[in-house]
Each structure stands twice: as C-alpha cells, then as structure tokens.
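Chain and residue survey
The lines below spell out each chain.
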Amino acid sequence: IFKRNATGGITNINYSLGYNRQAPIGAFTLLNPAWTSEVEASITQPLLQGAGVEFNRAQVLVARANQEQSVQGFQLVVQRTLRDVESAYWQLGFAYYDLYSREIGVEQALVTWRIVRAQVEEGAKSKPDLAQAREQLEFFRGQRINAMQRMLDAERNLRFAIGLPADDARQIIPADKPSLAEYQANWETGVAEAISLRPDVVAQAFAVRAAEIEVFRQQNGLLPDLSVNGAWTLQGVDNQFDQSIDRLTDADFEGWRLGGRYRRPIGERASHAAVRRAQLSLSRERKELENARHTAMHELATAFRNIESNRRLIEVQADRRRAAATQVEARSDLYQTGKTTLDDLLDAQTALADALRDEGQAISLYNQALIQWEFAKGTILVHDNVQVAESASSPINRKLLEDRRRWFEASLPMPKHCGRWPSGLS
C-alpha cells in the first residue's frame, strides 16, 4: 500500500511472506523449512526536483483549467445562439415593417389610380396621367412581392436559428414590442464586465494560467534529483507459518535504514528543450488572450456606438415619417383641388412608404444593438434569464459550482434600462 503526499514524497507499507526449504540439510542450517514474515514502512521524499506542494498540485490545476475552458466554450456557444436567435427575431420584425410600408404604398397608389381613372373618364385628365398612376401602383405591388419574399426568408432564418423545420404550415409573427426606451450604456462598466465575464476571454485566461503552470513544471525538471529515504522493518522467522507471524508481532527483530540519492544528467538538453517549448506555448497563449481582449473591446465599442446612433436614428426617422404623412395628406387635398401635379402626389406617397420602412429598420437595428451590447459584455445569459447548469456528481463538485455561482452573482451589477416604454408610435 502506498500513497503520494502533497509534497511529492511516497509513503509505502509492505508485507512480504517468504518460504525456503533446502535439501540436503547443511551443517549450518538453523531452520528448514523457513517461513519469513516481514513488514516494512518506508518513506521517500524528494528535496529538489519533484518536491513541493505547488509542483505536485500542478497537474490538478491544469486539469481544472482545461475543465473551465470547456465550460466557458459551451457558454460561448449558448451566448452566440441567443444572440443569433434574437437578431433573427428583430430582423423578422423589420421584414414585417417593410411589408407593411409596401402595403401602405399599394393602398395609396390604388386610391390615386382610381381617382385619376375617374378624372380621365370625366375628361379632366389625360391617358398619360392614368398610365403614370398605374405605373406607381404596379411599382408598389412589385415591391410588396419582394417584401413578402424577404419576410419569408427572415422567417426561415429564425426557424433555422431555433431549430424549427423550414416550413410546417405555421406563420411566425413577432409578438414582443421592440424597445424604444433610451438606454444609457456605461462604457467603463461594459469594459469591466467584458474582461471578467466574456466566455472567450475567460477561457483564454484559463489557458494562460495552464501554460504558466506548465512552465513552472518544466522548470522544476532543471533541478537535480535529490531525495532522502528511510525505512523501518519488523521480521519474524520460524519453521512454521503461524509461528513466524507470532515472532513478527513480538517485535523482537526490527531494523531500519536511511539513505539518499543525488542524480543529475550532463547537459540537460531535454529539460531545457521542454522549458523552451513551454515558454513558447505561454507566449502564444498570452498573445491569444491579448487578441481576445482586443476583439472584445472592438465588438463592445461597435455595439456602444450603434446603440447611440440607432437611437438617434429612430427619432429622425420618426420625424421624417410624420412629415411624409403630413405631406401626403396635404398633397392629396391640393391635387383634389387642382393646385398640385400628379408627380408631386406620387413622390410624396413614395416618400411616406420609404419613411415607414426606414423607421422600422432603425427600430430593428436599435434592438439588435442592445443584444450585441449584452453579448459583447458577456452578460447576455443574465439578460435573457438563461442559466447553464453542470452536473453535480460529488459534494466537492457541488461546492465548486456554488462558489462559482456566488462569484458570478457578486460580480459587477447589471445596468437597467432607463426611460419609459411608449405605448406606440406617435
């Protein structure tokens, strides 16, 4: 029975039983046959190479780091899935905005065409005016067909993201209202959360830690192999087996020994090469961590700018849509009284349809920017109330999971949406 202790030493307890029978019997033979029972307790402790708690825990720490990398890798996949699903959802919402704007254009163009047709029948307008109005109507009808196709494509993209079949005779219609409230993103908080919570950054930090431990382990191999050992033995010898056990328990025959060993190869080329490989691996992992943080900061900056710019764009497009609606109403009244041309009315209707579409696109991009901001910070799981649970197969594992949960919950606070949620577009 042997056990390696935390400092690298080996404690060993051994029991051996020997039997010896000689023929013919010599003049100096005391026992024949001879049963020999022996118990030995020994310990061997390295002093340089392989010694120390840190060195002997290194492999366990590397295994934990590899496990954490796997966990963080899985969380990254989950976070990307959530981001892609929500982005596809809001893209589908914009597709319905786009379809709605084309339908508005068709309705207005149809009303205008009927008015012009009646005027042509009355002789107030000519056939070119009727053809122009018909061309506007067919233009919007064609755009509506294209918008319908884009809506179906967006629905299929969402189906693909959430694992639904491409077509199951059911229509997916976004039911959640998009966020129009102004969100005040905090850059400093975002940077701190991205560095400490993003799975790709955290996983690479564990990879750096594992590489550092490996360098430490390989550097330990450059030390001389110096160790000490000691042993204590009890023996029992008799011509009968049970009597040899009795003599062993009487502890009449005991012995001990102390020893040491020093060994060091000349040149140590293999050890130096292993250290160099470990150092190169550490440099590579550190560069990967630097690149992961660099990528995270750029993604965070892009989301930060998109939130602000798209929020302002919503306000601009809303003002544009209201102005376009007022223009259509005024142009329509003026056209009825003959104070404006058909060209001006048709242009105003086109501008209104485009303004509706562009406003919907701005709303969709704003909500996608909010999701990208949460993803760039690494907080999208908390934002979407999604948890990744691991199997707790032992009390030790459960304690580790509980410690990790408390650390995560005690991390930087989540910023809240501020502002009011409007009941609808005005």
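It should be noted that the structure appears before, not after, this text.
Worth saying up front: this structure is predicted, and the values here are computed from it rather than measured.

**Describing the sheet that holds strand β3 (residues 34–46)**
Sheet architecture is open: five strands sit in the order β1-β2-β3-β4-β5, paired in antiparallel fashion. Among the strands making up the open sheet, the edge pair consists of β1 (2–4) and β5 (253–263). The sheet shows a mean angle of 20° between the axes of neighbouring strands, taken without regard to direction. Bridge count for β3 against strand β4 (residues 225–238) is twelve bridges, and the pairing is antiparallel. Residue pairing for β4: Val 39 is matched across the bridge by Leu 234.

**Considerations on a negative patch on the surface**
Residues Asp 242, Asp 246, Asp 250 and Asp 252 make up a contiguous surface patch of negative charge. Along the chain, the position of Asp 250 falls in the loop between α5 (241–249) and β5. The class of Asp 250 is partly exposed, set by a relative accessible area of 47%.

**A closer look at unusual backbone geometry**
The residue Ala 169 is not glycine, and still its phi comes out positive at about 65°. Within the element layout of this structure, Ala 169 appears in the loop between α2 (127–162) and α3 (187–197). What makes Ala 169 exposed here is its relative accessible area of 78%. For Asn 385, which is not a glycine, the phi torsion comes out positive at approximately 60°. Take Asn 385: it is sitting in the loop between α8 (380–383) and α9 (395–409).

**Re the pairing of β4**
The sheet contact formed by β4 and β5 spans eleven bridges and is antiparallel. Across the sheet, the residue bridging to Ser 227 is Arg 261, located in β5.

**Some thoughts on the packing of aromatic side chains**
Using the criterion set out here, one finds four aromatic pairs in the structure. Measuring from centroid to centroid gives 5.0 Å for Tyr 89 and Trp 90, while their planes differ by 85°, and the two rings are edge-to-face. Relative to Phe 140, the ring of Phe 139 lies with its centre 5.5 Å away and its plane at 65°, an arrangement referred to as edge-to-face. Taking relative accessible area as the criterion, Phe 140 reaches 0% and is therefore assigned buried. Cluster of aromatic residues (ring-pair linked, three or more members): Trp 187, Phe 304 and Trp 373. Sitting over the face of the ring of Trp 113, Arg 134 holds its NZ or CZ atom 5.5 Å from the ring centroid. The lysine or arginine in question, Arg 311, covers the ring of Tyr 366, its NZ or CZ lying 6.0 Å from the ring centre.

Rules of the game
Residues numbered from 1 in each chain as written. Predicted model: local features only at pLDDT ≥ 70, side-chain atom pairs only at ≥ 80, totals over all residues. Heavy atoms only, no water. Pairing = 2+ DSSP bridges. Helix = DSSP H or I, 4+ residues; strand = E, 2+ residues; numbered from the N terminus. Axes fitted to C-alpha atoms, helices over the stretch in contact; angles between N-to-C directions. Patch = residues over 30% accessible without salt bridge, like charges linked within 9 Å, V, L, I, M, F, W, Y side chains within 5 Å. Areas by Shrake-Rupley, 256 points an atom, 1.4 Å probe, with all protein chains shown as cover. Salt bridge = Lys/Arg side-chain N within 4 Å of Asp/Glu carboxyl O. Lys, Arg positive; Asp, Glu negative; His and termini not counted. Charge placed at Lys NZ, Arg CZ, Asp CG, Glu CD. Buried < 20%, exposed > 50% of the residue type's maximum accessible area, 1.4 Å probe, protein only. Phe/Tyr/Trp six-rings, centres within 6.5 Å; stacked < 30°, edge-to-face > 60°. Lys NZ or Arg CZ within 6 Å of the ring centre and 35° of its normal.

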